[in-house]
Amino acid sequence: MSTKVGMISLGCAKNLVDAEIMLGSVLERGMEITSSADDADVLVINTCAFIDSAKEESIEAILQADQRRKSSKNPHQKIIVSGCMAQRFASELHAALPEVNALIGLDQVSDLGTIVGKLLSKRPTTNAQQPVSNAEDSAFGVSSDNHDVDLAFAESRPRYIPDYDTPRFRLTPPHSAYVKIAEGCNHPCSFCVIPQMRGKHRSREPESVLTEIRALVAEGVREINLISQDTTYYGMDLWSKKAGPCQPIDSARGPTLAAVLRKIDKIEGDVWVRLLYTHPAHWSDELIETVAHCDKVARYIDIPLQHISEAMLQQMRRETSRQHIEELIDRLRAGIRGIALRTTFIVGFPGETEADFESLLAFIERIRFERLGIFKYSREDGSRAARMPNQISMKIKNERYRRAMLLQQKIACAQAREKIGQTLKLLVDQPHVARTEADAPDIDARVILSEAAPVGDFICRSITGSRGYDLLA
């Protein structure tokens, strides 16, 4: 009987792509993928460590998996922990969670099949080792000695990026896919430890991205979601003369997101191409014009701003000013007809005064973002912000979160009512559930259909009403 591998993937879409690559390597080794955790010979928990709540969710998933293993008919199941938490806290997890049979780093995602094979062929193990160059026999070797564990992957920044031919087992619906165009981040945001976990920004070659997208469209995928830690910086690390952290897109200097979008737009087929995680520092008139003139690029921009108070932007080390942000929003709305802007803000950052927060509320009310999310600041060990004075109490964070979300709910509900009577193009996710061009999968609103429609098709329907954030058609 073939080995069965199960996967629990937590966190963001970027982590989901890593999970798909891991499962692709499992299939390549002739193993079987199962959706039942209890049936799996090896259960992989792909963790997130972005904020405290994500870390807590990851730890809980590991402990629950061990509890199920002990109470099930599969007591010999192996548990592997991967993802950002394994990368960042490998030593701590190894010491604190002996239930875990192996830990693997972000550079090892394409080798899960090999690691599983090694794990199952050895005596009871504690960790999958980092590959050893020129030592094929010991590559991904595992040790039964709890005191002899190689956690070398946690000592260096990851360097791996996928390619167009990297085996993947997609976990998204057949009509929608994520394409990771780059990995890592060069920005010094004081609240964030992603560069410490995922390394420096590194872009895929443009032809690799285009080849993957052509194949996905040929398979019938109708929505391509371009993702990375910093999508607008795509390609600029490949320039012969390196771009600075605030450099705007300029295709005359080398590969860029704008140039890739223009080539994607020439691919045959009816498809939405959605931009997620675009940093405001790199937007340029060239990119705005490209989005405006490319029919396949969705009129939807995800642009995390994090705050608008000048003091907070400086404390957060966001590399953008209030003036830059306000002028960019004006340029985006003037240059791209019908654009829907999605952003996120952090409330309760160290030193955030009531005046800073009130300026944020006034900004939200004036700009009327089509989509908006609020995060309560999470004090991350290893970040600059964790060491800052004037940390905000959870009571104040909760209260500011509530006030900001109530304001946005009012704005969003009013915007939904304004859509009544319009005929919109929709992508069908379920027979009675669809999304507009302004709605990214899993994070934004839905359209509830009164009559069933074929899943994966584009349809046009008249909007007849609204229900909170959602539309009715």
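Description of the structure in this document. Since the structure is predicted, the reported quantities are computational estimates derived from the model, not experimental observations. (Residues numbered from 1 in each chain as written. Predicted model: local features only at pLDDT ≥ 70, side-chain atom pairs only at ≥ 80, totals over all residues. Heavy atoms only, no water.)

1. Structural notes on the packing of helix H8 (residues 257–264) against helix H9 (residues 285–293)
When two helices pack together, their arrangement is given by the angle between their axes and by how far apart the axes lie. Where H8 contacts H9, the axes come no closer than 9 Å and their chain directions differ by 15 degrees. Here H8 is positioned roughly parallel relative to H9, judged by the angle of their axes. For the pair H8 and H9, the crossing hand works out as left-handed. Across from Leu257, Ala258, Leu261 and Arg262 in H8, the residues of H9 making contact are Glu286, Leu287, Thr290 and Val291. Residues that form the contact of H8 with H9 fall into these classes: 5 nonpolar, 1 polar and 2 charged. (Axes fitted to C-alpha atoms, helices over the stretch in contact; angles between N-to-C directions. Helix = DSSP H or I, 4+ residues; strand = E, 2+ residues; numbered from the N terminus. Parallel < 35°, antiparallel > 145°, perpendicular 65-115°, else oblique. Left-handed = near helix turned anticlockwise from the far one by under 90°. Contact = heavy atoms within 4.5 Å. Nonpolar A, V, L, I, M, F, W, Y, C, P; charged D, E, K, R; others polar.)

2. Re the pairing of strand S6 (residues 176–180)
Burial analysis of S6 places 5 of its 5 residues in the buried class, which makes it a mostly covered element. A two-sided burial pattern is seen for S6, the buried positions comprising Ser176, Tyr178 and Lys180 on one face and Ala177 and Val179 on the other. In terms of strand pairing, S6 meets strand S9 (residues 223–227) through 5 bridges, oriented parallel. Considered in S9, the bridge of Tyr178 is made with Asn225. (Buried < 20%, exposed > 50% of the residue type's maximum accessible area, 1.4 Å probe, protein only. Pairing = 2+ DSSP bridges.)

3. A closer look at the sheet that holds strand S12 (residues 340–347)
Here 6 strands make up an open sheet; going across it, the order is S6-S9-S10-S11-S12-S13 and the pairing parallel. Looking at which strands have only one partner, the edges of the open sheet turn out to be S6 and strand S13 (371–376). Neighbouring strand axes in the sheet, compared pairwise and without regard to direction, differ in orientation by 20 degrees on average. Packing of helix H1 (residues 13–28) onto the sheet brings it into contact with S6 and S9, and relative to S6 it is tilted by some 95 degrees. Along the sheet, helix H7 (residues 206–218) makes contact with S6 and S9, crossing S6 at roughly 170 degrees.

4. What to know about helix H2 (residues 52–71)
Relative to the 28 Å expected for 20 residues at 1.5 Å per residue, H2 spans 29 Å between its end C-alpha atoms, a close match to the ideal helical length. Considered for burial, the residues of H2 that qualify are Ala54, Lys55, Ser58, Ala61, Ile62, Ala65, Asp66 and Arg69. Burial along H2 is one-sided: seen end-on, the buried residues are contained in an arc of 125 degrees. In H2, the exposed residues that point more than 90 degrees away from the buried face are Glu56, Gln67, Lys70 and Ser71. Where H2 is buried, its residues meet strand S3 (42–47), strand S4 (78–83) and helix H3 (84–88). (Expected span 1.5 Å × (residues − 1). Arc of directions from axis to C-beta.)

5. With respect to the environment of Gly269
Within the element layout of this structure, Gly269 appears in the loop between H8 and strand S10 (272–275). The class of Gly269 is partly exposed, set by a relative accessible area of 40%. Taking the C-alpha atoms as reference points, Gly269 and Ala218, separated by 51 residues in sequence, lie 8.1 Å from one another. Not counting residues within four places of it along the chain, the set of residues in contact with Gly269 comprises Val217 and Lys296.

6. Some remarks on the sheet that holds strand S2 (residues 32–33)
Here we have 5 strands laid out as an open sheet, ordered S2-S1-S3-S4-S5, and parallel in their pairing. Only two strands of the sheet have a single neighbouring strand rather than two, namely S2 and strand S5 (102–103). Pairing analysis gives 2 bridges linking S4 to S5, with the strands arranged parallel. By the bridge assignment, Val81 is partnered in S5 with Leu103. Relative to the sheet, H2 contacts strand S1 (4–9), S3 and S4, its axis offset from that of S3 by approximately 165 degrees. Packing of helix H5 (residues 112–121) onto the sheet brings it into contact with S1, S3, S4 and S5, and relative to S4 it is tilted by some 150 degrees.

7. Section: the environment of Val221
The topology assignment puts Val221 in the loop between H7 and S9. For Val221, a relative accessible area of 1% translates into the label buried. Put simply, Val221 and Pro174 are 47 residues apart on the chain and 6.3 Å apart in space, counted from C-alpha to C-alpha. Val221 has contacts with Arg170, Pro174, His175, Ser176, Ala177, Leu216 and Val271, leaving out every residue within four places of it along the chain.

8. Digging into the packing of aromatic side chains
All chains considered together, the criterion is met by 5 aromatic pairs. Judged by centre distance (5.9 Å) and plane angle (70 degrees), the ring pair of Phe345 and Phe369 falls under edge-to-face. Taken as a pair, Phe345 in strand S12 and Phe369 in the loop between helix H12 (354–367) and S13 lie far apart in primary sequence, 24 residues in all. Phe369 shares its class with Phe345; the two are buried. Here the aromatic rings of Phe349 and Tyr377 are separated by 5.3 Å at their centres, their planes lie at 75 degrees, and the arrangement is edge-to-face. Linking Phe349 in the loop between S12 and H12 with Tyr377 in the loop between S13 and helix H13 (394–418), this pair joins segments that are 28 residues apart in sequence. Here Phe349 and Tyr377 have matching classes, each one buried. Members of the aromatic cluster, each reached through a chain of ring pairs, are Phe345, Phe363 and Phe369. The residue whose ring lies beneath Lys14 is Tyr277, and the NZ or CZ to ring-centre distance is 3.2 Å. Stacked on the ring of Phe458, the Lys or Arg Lys425 has its end atom at 4.3 Å from the ring centre. (Phe/Tyr/Trp six-rings, centres within 6.5 Å; stacked < 30°, edge-to-face > 60°. Lys NZ or Arg CZ within 6 Å of the ring centre and 35° of its normal.)

9. Focus: the pairing of S1
Here S1 pairs with S2 via 2 bridges, running parallel. Paired with Lys4 across the two strands is Glu32, which belongs to S2.

Everything listed here is a matter of geometry and, on its own, says nothing about what the molecule does.
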